[in-house]
Structures are given as structure tokens and as C-alpha cells.
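Observations on the three-dimensional arrangement
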Amino acid sequence: NAGVTQTPKFQVLKTGQSMTLQCAQDMNHNSMYWYRQDPGMGLRLIYYSASEGTTDKGEVPNGYNVSRLNKREFSLRLESAAPSQTSVYFCASSFRLAGYEQYFGPGTRLTVT
Amino acid sequence: GQQVMQIPQYQHVQEGEDFTTYCNSSTTLSNIQWYKQRPGGHPVFLIQLVKSGEVKKQKRLTFQFGEAKKNSSLHITATQTTDVGTYFCAGFGKLTFGTGTRLTIIP
């Protein structure tokens, strides 16, 4: 099992460009999450999907959109990238929303210039 | 909204010394999880605490959940170089990660 996979690993964008970060899990988990990690800020939840067909905003959703394509895949889209979105992005999944350990992907390091 | 603070932000210890990180929530939590992130890596689950006053041990690591379910701690006895990394708590009610404590070990 690959666990949680993310693509790409690294990305450089110019301000105003758009891109989609891909995430997939092969553990048959119901819940999936997108976080961003900035130095000294810990992990901040952007969006989450409690189950296939549902998505909800987390702590910092502005500037992002998500799609739960199917049970395996959860993508994060930046419509118009801004320098403030320079960060490391982690996708995670868990069997259910609360009370279950989260499995994290390896992360995407995004730089917006 | 729910806020989860961790202290200290950084801790440098000599190898063999003990280490403790504290997690404090502004609201009562239903449960709390702890994760470890090695430098350049991704967070990895360590443990979950659910009951008020719960104490769990994993070898040299001891985890506690406060009686009021608003705070938690992670204590490492006799640190080793393999303990290097950032330790995060994650509180549930509304899922919120703490800011993390970065542990460095002086050999």
C-alpha cells in the first residue's frame, strides 16, 4: 500500500497563476484533509471532507477550493496564487472524521513569486 | 473559536536529559492526539487520549490528558538523537493542531 500520495512534490508559481494539488489514498478512508504548514504556525486546516460527496471549510479556506473526486482522491485548487500562499501543503486521511489517527502524505512545497 | 497553544516553541536538551511539551486548549476537548514530525518529513501519529486524567506510555514517552480535558503533556525520559523533531498535539472538538514544540538534541 502506498498510503497517502501527493503530487507534485515541488512547485513554483507566479502570482496570479492557478494550479491543482492532487492527493490520493489507498486505505479506504472516509475522511480527507488539506493542511498548510508555515514556520512557527503549526498545521492549519484549509478544507476537509468528512466523507465522499461532502466538503467543509477549515480554519484558513480563503483563496482555495477543493474537490472530493471520489473516495480515494481529494484535490486542492489555487485559482489565483498569491505570495501569502507560499507554504508546505499536506494532505491527510483518516477512517472517520473524529477519533481516528490521520495519515499524512509527503507534502508539496509551493513557492509563489 | 477553539485555540490550541503549545509550549515551549523550541527546546534544546543534552542527550540523556528529559523533555516535556505542554498543550493547552481554550475549550474542552473530546480527545487529543499527538504527532511527531521529523525534519523535512510529514507528521506521524503517536497516540490518542480520550478519557479525563488518562495516562499512556510508549517506552520512554509518557502522555497525559488533564482532568478538565483542556490540557495535555508529552514527556520523554532520557532523550536520544532519534527523538529529534517537532511534536504536535491535535485537539478535537473542532479539529485544531497546536503550534508544535521543536526538539533538538545536543549529543
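Rules of the game
Residues numbered from 1 in each chain as written. Chains lettered and ligands numbered in written order. Predicted model: local features only at pLDDT ≥ 70, side-chain atom pairs only at ≥ 80, totals over all residues. Heavy atoms only, no water. Phe/Tyr/Trp six-rings, centres within 6.5 Å; stacked < 30°, edge-to-face > 60°. Helix = DSSP H or I, 4+ residues; strand = E, 2+ residues; numbered from the N terminus. Buried < 20%, exposed > 50% of the residue type's maximum accessible area, 1.4 Å probe, protein only. Pairing = 2+ DSSP bridges. Axes fitted to C-alpha atoms, helices over the stretch in contact; angles between N-to-C directions. Contact = heavy atoms within 4.5 Å. Buried area = accessible area lost by both parts, 1.4 Å probe. Salt bridge = Lys/Arg side-chain N within 4 Å of Asp/Glu carboxyl O. Nonpolar A, V, L, I, M, F, W, Y, C, P; charged D, E, K, R; others polar.

**Thoughts on the packing of aromatic side chains**
The full count for this structure, using the stated rule, is 13 aromatic pairs over all chains. Centroid distance Y35 of chain B to F45 of chain B: 5.6 Å. Interplanar angle 75 degrees. Geometry classified as edge-to-face. Separated by 10 residues along the polypeptide, Y35 of chain B in strand β4 (residues 31-37) and F45 of chain B in strand β5 (residues 44-49) bring together distant segments of the chain. Given a relative accessible area of 0%, Y35 of chain B falls into the buried group. Members of the aromatic cluster, each reached through a chain of ring pairs, are Y33, Y35, F90 and F104 of chain A together with Y35, F45, F88 and F97 of chain B.

**Structural notes on the pairing of strand β3 (residues 19-25) of chain B**
Residues and elements named next belong to chain B. Across the 7 residues that make up β3, a large majority, 5, are buried. Sheet topology note: the strand β1 (residues 4-7)/β3 ladder contains 4 bridges and is antiparallel. Residue pairing for β3: Q6 is matched across the bridge by C23. Summarising the sheet, β3 and strand β8 (residues 71-76) pair through 6 bridges and their orientation is antiparallel. Of the residues in β8, the one forming a bridge with Y22 is S73.

**Here's the deal with the sheet that holds strand β7 (residues 61-65) of chain B**
Residue and element names in this part refer to chain B. Taken in spatial order, the 5 strands line up as β1-β3-β8-β7-β6 in an open sheet, and their pairing is antiparallel. The open sheet has two free edges, formed respectively by β1 and β6 (55-58), since each of these has just one partner strand. Within the sheet, the average angular offset between the axes of one strand and its neighbour, ignoring direction, is 15 degrees. With 4 bridges connecting them, β6 and β7 associate as antiparallel partners. Its bridge partner being in β7, Q58 is matched across the sheet by L61.

**What about the pairing of strand β4 (residues 31-38) of chain A?**
Residue and element names in this part refer to chain A. Of all 8 residues that make up β4, 8 are buried, and the element is covered over most of its length. Judged by which residues are buried, β4 turns out to be covered on both faces: S31, Y33, Y35 and Q37 on one side and M32, W34, R36 and D38 on the other are all buried. Pairing geometry for β4 and strand β5 (residues 42-49), over 7 bridges, is antiparallel. Paired with D38 across the strands is G42, a residue of β5.

**Focus: the interface of chain B and chain A**
The interface of chain B with chain A comprises 16 residues on the first partner and 18 residues on the second. Roughly 1,300 Å² of surface becomes buried between chain B and chain A when both sides are summed, with 59% attributable to carbon and sulfur atoms. On the surface where chain B and chain A come into contact, there are 0 salt bridges. Secondary-structure elements contributing two or more residues to the side of chain B that touches chain A are β4, β5 and β9 (85-92) of chain B. Of the residues assigned to the side of chain B that touches chain A, the class counts are 7 nonpolar, 9 polar and no charged.

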